[in-house]
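Structure assessment
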Number of protein chains: 2
Amino acid sequence: MLPNGFKVGGLQSGLSKKKGKKDLALFVSESPASAAGIFTKSIIKAAPVITDIERLKRGGRFSAIVANSGYANACTGDKGKKDAENMCSATEKSFNFETGSVLCASTGVIGQYLNIIQDDFKKNVDLLKSNIGTFSKNEDEAVLAIMTTDTFIKKSDRKVKVKNGEIKIWGCVKGAGMIYPNMHGPHATMLSFILTDAEIESETLQKILENSADESFHCVSVDGDTSTNDTVIVLANGQSGTGKLSEADLEKFIKAFDELTLELAKSVAKDGEGATKFIEIEVRNTKTKEDAKLIASTIATSPLFKTAIFGADANWGRVIAAAGRAGVKFDPDRVDIYIGGVHTFKDGVVLNFSEEEAKQSLLKKEVKIVIDLKAGKESSKYYTCDFSYDYIKINSDYRS
Amino acid sequence: MLPNGFKVGGLQSGLSKKKGKKDLALFVSESPASAAGIFTKSIIKAAPVITDIERLKRGGRFSAIVANSGYANACTGDKGKKDAENMCSATEKSFNFETGSVLCASTGVIGQYLNIIQDDFKKNVDLLKSNIGTFSKNEDEAVLAIMTTDTFIKKSDRKVKVKNGEIKIWGCVKGAGMIYPNMHGPHATMLSFILTDAEIESETLQKILENSADESFHCVSVDGDTSTNDTVIVLANGQSGTGKLSEADLEKFIKAFDELTLELAKSVAKDGEGATKFIEIEVRNTKTKEDAKLIASTIATSPLFKTAIFGADANWGRVIAAAGRAGVKFDPDRVDIYIGGVHTFKDGVVLNFSEEEAKQSLLKKEVKIVIDLKAGKESSKYYTCDFSYDYIKINSDYRS
């Protein structure tokens, strides 16, 4: 359920050349909202990313996010920058919003122009404006309009009881390929928009988002390819009517927010291009958090590991090989590995485990890999998917 | 043609469970040779790698390399270490070589024991001893015995005219998967053995090998997965009779040696698991050599790039996206990209290039990608292959 004061929707505007595909989405707050955003750290930033970073830097409050699928508006130079600005200003004009109060996002093929003609684009926004709403159907239409190779709608919501009432948080995410988000400060083409009616100022919101992303969006990879367009934007419009949150209530909000981002991030791995399995990798008992993350992400992006899991092959050797090349110093003779709950490797040596039992556990839709370094007290989880024939199929003819 | 004083060969000993597969190879010098070696930098080092590093550290001269395929003898603990030592000492006994003068290498499945019984193993070596020789047939048998998912024999040789006669260099390589060699000092499972009858002391030989690997073995990737067993060993037995080389002759030797390692490294990418195309990536005009290498290797290990090339899709967007996330600072607005000779991207903006012409160039067996940063004078080349359905097939049931 959408938080108070938000309306969303999506329609087919013709920006995508896919027949019958919704391609234009709006996420609108009826009153200006505080905002936070994190964006791709790639040196190649798409025009909408540059536009959003500039606008968020200027500060102030924001009324809407306008997003399209089909073209990423990346590597499109000055003309692309103008297209992104035109998307925003056409939306501002249609709704009579303040100049600079709209954020934008794009996803799709890199390097082709959106060719936004402001008047034509505004007509589409006008049309969509009369079709946005607060129903689940509206949510679905908005998410459908930002999907590319995604196969299902990824959205989630939370309610948080606070002293003076109830706060709602709603979020959606798109992303199935070019997924290895790395967004810090103002990061894939993963697009995620999170709406809440909590009253939280931008600075606090930004911190909450950054911390949350480190345990969610930054712990997911489909293919190890970081996108030029990765974007997460949060809008908080304060319309819950619960006022400024007490420290205890803020804690509650953060807990719910973290749950939501983790659910959204996991859903990206579940819908990874060609994925047949969702994989959770847990690296335990490392000296530092960074060690755990580095090993987990190296395993998660290993094509050999991912193809083995596709084949339901308990090839723990590929797990330890990936861990070994991660650049973290550890004692190989202390390492334990569990594949789908089966203890395959103990203190650096293979165990006489049941291959059949391991295979059965890997035939499930959700697979858990644990690697225990017994070197410290830190740990980290990472989420990914297997590498299947369909990954090759999807990506060898993506543009055609 | 093998250098003077070397004999090689291979046979089926039963170490590999693949029916009819040669699995035991010998590379033997009739007089003790100086040696150099580089090995995987993974923290998880296979037992034969540990054994070789120890033996090379002790110094002295070396008479043979014994190698097997089928099992990698990695993650096998103390028992695996004993197996590696047993392989060496059985070979020493069979040939009456000095203790410590044999090096070893293994490739295959990680984590299963070789279970070497010295006497049994020695019988196989005895048998092979009577079958080694200097003919092309012997070379082929030796290389076949170290191949795993390789589809063709990868060997090469060079002759170098020097003041006092002629020096020969011969080398072979195996490797098609888990290829992302990273060996410095004493790096995939790529195994390469290089034999020469030049007279060069170990210290100089080691330097020549390390420098050469940086432009050859370290510039090749199939899947971005560095192995626990990567090994390159060079033996130089001085039997050319040309004596100690003058500086000018050493230069000539190094040139031929570098040509040979580059040819061997390229052949690994050409035989990459499931590869349908060989890809050369050249990154030009960077500030530092490291920048060029980092960008080239990031592109070469991008699944999205590699699947696009498999589909003959001139998706330069995936090239620039990979470059952008490589961690190198550069000005996106100065970048040019050429795909198969077609200029697709100039000064940060897409060109109106012929998709048809680009597609035709990508349908060839060898593809060249150039990315020009116009930021400096350094450059680097990297070699890889495309990602095909067969990559998934090969790796989803490797162990069965």
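Just so you know, these numbers come straight off a predicted model, no measurement behind them. (Residues numbered from 1 in each chain as written. Chains lettered and ligands numbered in written order. Predicted model: local features only at pLDDT ≥ 70, side-chain atom pairs only at ≥ 80, totals over all residues. Heavy atoms only, no water.)

1. What about the sheet that holds strand β14 (residues 378-385) of chain B?
Residue and element names in this part refer to chain B. If you trace the 6 strands from one edge of the open sheet to the other, you get β12-β11-β10-β13-β9-β14, paired in mixed fashion. Only two strands of the sheet have a single neighbouring strand rather than two, namely β12 (349-350) and β14. As judged from the 7 bridges shared by strand β9 (residues 278-286) and strand β13 (residues 366-372), these two strands associate in the parallel manner. Bridging from a neighbouring strand, glutamate 280 pairs with lysine 368 of β13. Across the face of the sheet, helix α7 (residues 289-300) comes into contact with β9, β13 and β14 while running at roughly 20 degrees to β14. (Pairing = 2+ DSSP bridges. Helix = DSSP H or I, 4+ residues; strand = E, 2+ residues; numbered from the N terminus. Contact = heavy atoms within 4.5 Å. Axes fitted to C-alpha atoms, helices over the stretch in contact; angles between N-to-C directions.)

2. Observations regarding the sheet that holds strand β11 (residues 342-346) of chain A
Strand pairing in a sheet is mediated by backbone hydrogen bonds. Such pairs are either parallel or antiparallel. Residue and element names in this part refer to chain A. With mixed pairing, the 6 strands of this open sheet are ordered in space as β12-β11-β10-β13-β9-β14. The strands lining the two open edges of the sheet, one partner per strand, are β12 (349-350) and β14 (378-385). Set on the sheet, helix α7 (residues 289-300) makes contact with β9 (278-286), β13 (366-372) and β14; between it and β14 the angle comes to about 20 degrees.

3. What to know about the relation of the copies chain A and chain B
Of the transformation superimposing chain A on chain B, the axial component is 0.0 Å and the angular component is 180 degrees, with the fit at an RMSD of 0.0 Å. What the rotation and shift describe, once combined, is the action of a two-fold rotation axis. Closest to the rotation axis within chain A is the C-alpha of tyrosine 389 of chain A, separated from it by 2.8 Å. (Least-squares fit on C-alpha atoms with pLDDT ≥ 70 in both.)

4. Quick look at the interface of chain A and chain B
When the parts of a complex come together, some accessible area is lost, and that lost area is often taken as the interface size. In this assembly, 51 residues from chain A lie in contact with 52 residues from chain B. Roughly 4400 Å² of surface becomes buried between chain A and chain B when both sides are summed, with 62% attributable to carbon and sulfur atoms. Put simply, chain A and chain B have 0 salt bridges between them. For the side of chain A that touches chain B, the elements supplying multiple residues, two or more each, are α8 (303-310), α9 (316-324), β12 and α11 (389-396) of chain A. Counted by class, the side of chain A that touches chain B contains 25 nonpolar, 16 polar and 10 charged residues. (Buried area = accessible area lost by both parts, 1.4 Å probe. Salt bridge = Lys/Arg side-chain N within 4 Å of Asp/Glu carboxyl O. Nonpolar A, V, L, I, M, F, W, Y, C, P; charged D, E, K, R; others polar.)

5. Some details on the packing of aromatic side chains
Under the counting rule described, the total for this entry stands at 18 aromatic pairs over all chains. A centroid spacing of 4.8 Å and a plane angle of 50 degrees characterise the contact between phenylalanine 27 of chain A and phenylalanine 193 of chain A, whose relative ring orientation is tilted. A single burial state applies to phenylalanine 27 of chain A and to phenylalanine 193 of chain A, both of which are buried. Between phenylalanine 387 of chain B and tyrosine 391 of chain B, the aromatic rings sit 4.5 Å apart at their centres with planes inclined by 55 degrees, giving tilted as the arrangement. By relative accessible area, tyrosine 391 of chain B is classed as buried at 0%. Among the aromatic residues, those joined into a cluster by ring pairs are Phe310 and Tyr389 of chain A together with Phe310 and Tyr389 of chain B. (Phe/Tyr/Trp six-rings, centres within 6.5 Å; stacked < 30°, edge-to-face > 60°. Buried < 20%, exposed > 50% of the residue type's maximum accessible area, 1.4 Å probe, protein only.)

6. Quick look at the domain arrangement of chain A
Residues and elements named next belong to chain A. According to the domain assignment, chain A consists of domain 1 (6-268) and domain 2 (278-396). The centre of domain 1, based on its C-alpha atoms, is set 32 Å off from the matching centre of domain 2. With 13 residues of domain 1 at the contact, the number on the domain 2 side is 14 residues. Together, the buried faces of domain 1 and domain 2 total about 1200 Å²; carbon and sulfur atoms form 55% of this surface. Where domain 1 packs against domain 2, one counts 2 residue pairs in polar contact (both at pLDDT 80 or more). For the side of domain 1 that touches domain 2, the per-class residue count stands at 5 nonpolar, 4 polar and 4 charged. (Domains from an automatic or database assignment. Polar contact = N/O pair within 3.5 Å; in protein donor to acceptor, adjacent residues only side chain to side chain.)

7. A look at the pairing of strand β6 (residues 165-174) of chain A
Residues and elements named next belong to chain A. Of all 10 residues in β6, 8 are buried, a share of seventy percent or more. Of the strand pairs in this sheet, strand β5 (residues 155-162) and β6 are connected by 8 bridges, and their pairing is antiparallel. Within the sheet, the bridge partner assigned to valine 160 lies in β6 and is isoleucine 167. Between β5 and β6, which pair antiparallel and follow one another directly, the connecting turn spans 2 residues. Pairing geometry for β6 and strand β7 (residues 191-196), over 6 bridges, is antiparallel. When the sheet's bridge partners are listed, glycine 171 is paired in β7 with isoleucine 194.

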